[in-house]
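One letter stands for each residue in the lines below.
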Amino acid sequence: MSSASSPPDPKSIPAQNSPDEAATTACCSSSSTITSSSPPVDIPLSWPSDAKLTLDWIRHFSSALDWSSRNLPPSDLPSVLPVSVFDSLVLTASKILHKEPNCVKIDDCLSLPDSAVLVVGDVHGQLHDLLFLLQDAGFPSHNRFFVFNGDYVDRGAWGLETFLLLLAWKVFLPQRVYLLRGNHESKYCTSVYGFEKEVLAKYGDKGKHVYRKCLGCFEGLPLASVIAGHVYTAHGGLFRSVAIPQSKRSKGKKNRRIILDPGAVPLTLGSFQELSTARRSVLDPPWEGLNLIPGDVLWSDPTMRPGLSPNKERGIGLLWGPDCTEEFLKKFHLKLIIRSHEGPDAREKRPGLAGMDEGYTIDHVVESGKLITVFSAPDYPQFQVCLNSP
């Protein structure tokens, strides 16, 4: 989805040579982008005494984050959002997220008249585009569901504010807002592509605490969703079967750790049963054994070549062709796969697949349905250049 919001002008931010420098400089953009004005709501923000969020609280939270991003240097964020409020929000959201299954089923929309489910792709710390998107599409409500398909942080200047705003919506409407995990919700990516540096710049001596709490929350994010029984959504996409041959199974309680060699057996598509038992709390590679599935779900890409093969360009996950899309849709009675993970920069290197100029592409059209990629960060990356695309 494109956006007409107006964040601080990226042109005023010099090009950087490293992700860390870029994140910090984007946050600390030139003084010409910082204007003097009074905050639209009372700050610092406070956590509700009854610990129950309301729509008014969400609106105040959104306005405060928007105002501070335009008027304050990043190191002043604690004056708007104290660590105590951050802790309460992340703890409350984490409890909700950790209770959700690896693949959430969104079926309530079937019984509600005039219901709509909106799937949002990568937002990558572009707070102002997210605010515009929510305003333009309509806030989550009784009959308006949102599925956010991961990659909330990194490469944009306001990853922390973006993630926290979405957590607030999740706490307020846990059965209407679903936050799935992206490959950037990991220790590895956030340490390389800007989020860790951003958090440390904003919270100073409390930065390590805030960063660790975010990582813990990332662990609870579900991996995928199935909407109305017919639409599968995940950040990267499809995944392999890790069924263990009988000869490989441990017969006793000892030595239960099994490392599957991905090249030892032919690759086949996995099942929802296997997805449901995957250990999603593993934040980083190496992905091995039963943990191959989260790596696939978060990192895989479609291709126009038939078959299922290792994703050698990324070094993790899979590549799958139109025949695999057809097999997955038909086997599980689905009509549509919606995934994200690839912005305009990634698509420039992908022969046979359309570019991302419109914010989405239709990648496979097969007998049983379609595969769509959606990317929701306009002008991406707004503040960083010369980076490899994870």
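Up top you'll find the structure we're talking about.
Along each chain, residues carry numbers from 1 onward, in the same order as the chain's sequence is written. The predicted origin of the model limits local features to residues at a pLDDT of at least 70 and limits the giving and counting of side-chain atom pairs to 80 or more, whereas totals for whole chains, interfaces and linings rest on all residues. Here the side-chain values reflect all heavy atoms present in the structure, with hydrogen atoms and water set aside.

A. Highlighting empty space enclosed by the protein. In this analysis the probe radius is 1.4 Å and the grid spacing 1 Å, with only protein atoms considered; a cavity is a set of points the probe fits into but cannot get out of, a pocket is an open set with protein on both sides within 12 Å along at least five of seven lines, and lining residues have an atom within 4 Å of a point. Grid points are joined across faces, edges and corners, and a volume is the space filled by probe spheres set on the points. Scanning the model with the defined rule gives 3 cavities of 30 Å³ or more in all. Considered as a void within the structure, the largest cavity measures approximately 80 Å³ in volume. If you go around the largest cavity, you meet 11 residues; those closest to its centre are S68, S69, L72, P74 and E161.

B. How the structure looks around the sheet that holds strand 2 (residues 116-120). The strand order 2-3-4 describes an open sheet built from 3 strands, whose pairing is parallel. Where the open sheet ends on each side, the last strands, each with one partner, are strand 2 and strand 4 (177-179). In this sheet, neighbouring strand axes are inclined to one another by 15 degrees on average, regardless of whether the strands run parallel or antiparallel. Any two strands with at least two DSSP-identified bridges between them are counted as paired. A run of DSSP states H or I qualifies as a helix once it reaches four residues; a run of E qualifies as a strand once it reaches two. Both are numbered from the N-terminal end. Of the pairings in the sheet, the one linking strand 3 (residues 144-148) to strand 4 comprises 3 bridges and is parallel in character. Its bridge partner being in strand 4, F148 is matched across the sheet by L179. Only heavy atoms enter the contact rule, under which two residues are in contact if any of them lie within 4.5 Å. For helices, the fitted line uses only the C-alpha atoms of the stretch in contact; every axis is such a line through C-alpha atoms, and the angle between N-to-C directions lies from 0 to 180 degrees. The strands touched by helix 6 (residues 159-172) are strand 3 and strand 4; relative to strand 4, the strand with the most contacts, the crossing angle is about 135 degrees.

C. Quick look at the nonpolar core. Residues F61, F148, L160 and L167 are the most contacted members of the largest nonpolar core, which totals 58 residues. By residue number, the principal contributor to this core is helix 6, which donates 9 residues. L160 has contacts with L77, F86, F195, E198, V199, Y203, V210 and C214, leaving out every residue within four places of it along the chain. Counting residues in each nonpolar core, the second largest holds 30 residues, with C189, Y232, I316 and L371 among its members. By nonpolar core is meant a set of buried Ala, Val, Leu, Ile, Met, Phe, Trp, Tyr and Cys residues that side-chain atoms within 4.5 Å join together. Throughout this description, buried means an accessible area under 20% of the type-specific maximum (1.4 Å probe, protein chains only), exposed means over 50%, and partly exposed covers the range between.

D. Just the environment of I337, in detail. For I337, the position within the fold is in strand 10 (residues 336-339). Along the primary structure I337 and T233 are separated by 104 residues, whereas in three dimensions their C-alpha atoms are 5.8 Å apart. Each residue touching I337, except ones within four places of it in the same chain, is listed here: Y232, L238, T325, F328, L329, K370, L371 and I372.

E. Broad picture of the packing of aromatic side chains. A pair of Phe, Tyr and Trp rings is counted when the ring centres sit within 6.5 Å of each other, with Trp represented by its six-membered ring. The angle between the planes then sorts it: under 30 degrees is stacked, over 60 is edge-to-face, the rest tilted. For the structure shown, the criterion picks out 17 aromatic pairs. Taken together, a centroid distance of 5.7 Å and an interplanar angle of 80 degrees make the contact between W47 and W57 edge-to-face. Pair noted here: W47 is in the loop between helix 1 (19-27) and helix 2 (55-71) and W57 is in helix 2, with a separation of 10 residues, a long-range link. Pair check on accessibility: W47 and W57 agree, each one buried. Taken together through their ring pairs, the aromatic side chains of Y152, F163, F195, Y211 and F218 make up a single cluster.

F. Fine view of unusual backbone geometry. P44 follows I43 through a cis peptide bond whose omega is 0 degrees. Here the residue pair Y380 and P381 is connected by a cis peptide bond, since its omega of -15 degrees sits within 30 degrees of zero. Along the chain, P381 falls in the segment after strand 12 (369-374). Unusually for a residue other than glycine, A51 sits at a positive phi of about 60 degrees. Mapping A51 onto the fold places it in the loop between helix 1 and helix 2. For A51, a relative accessible area of 40% corresponds to the partly exposed category. The backbone of H341 sits at a positive phi, close to 80 degrees, despite the residue not being glycine. Considering the arrangement of structural elements, one finds H341 in the loop between strand 10 and helix 13 (344-347).

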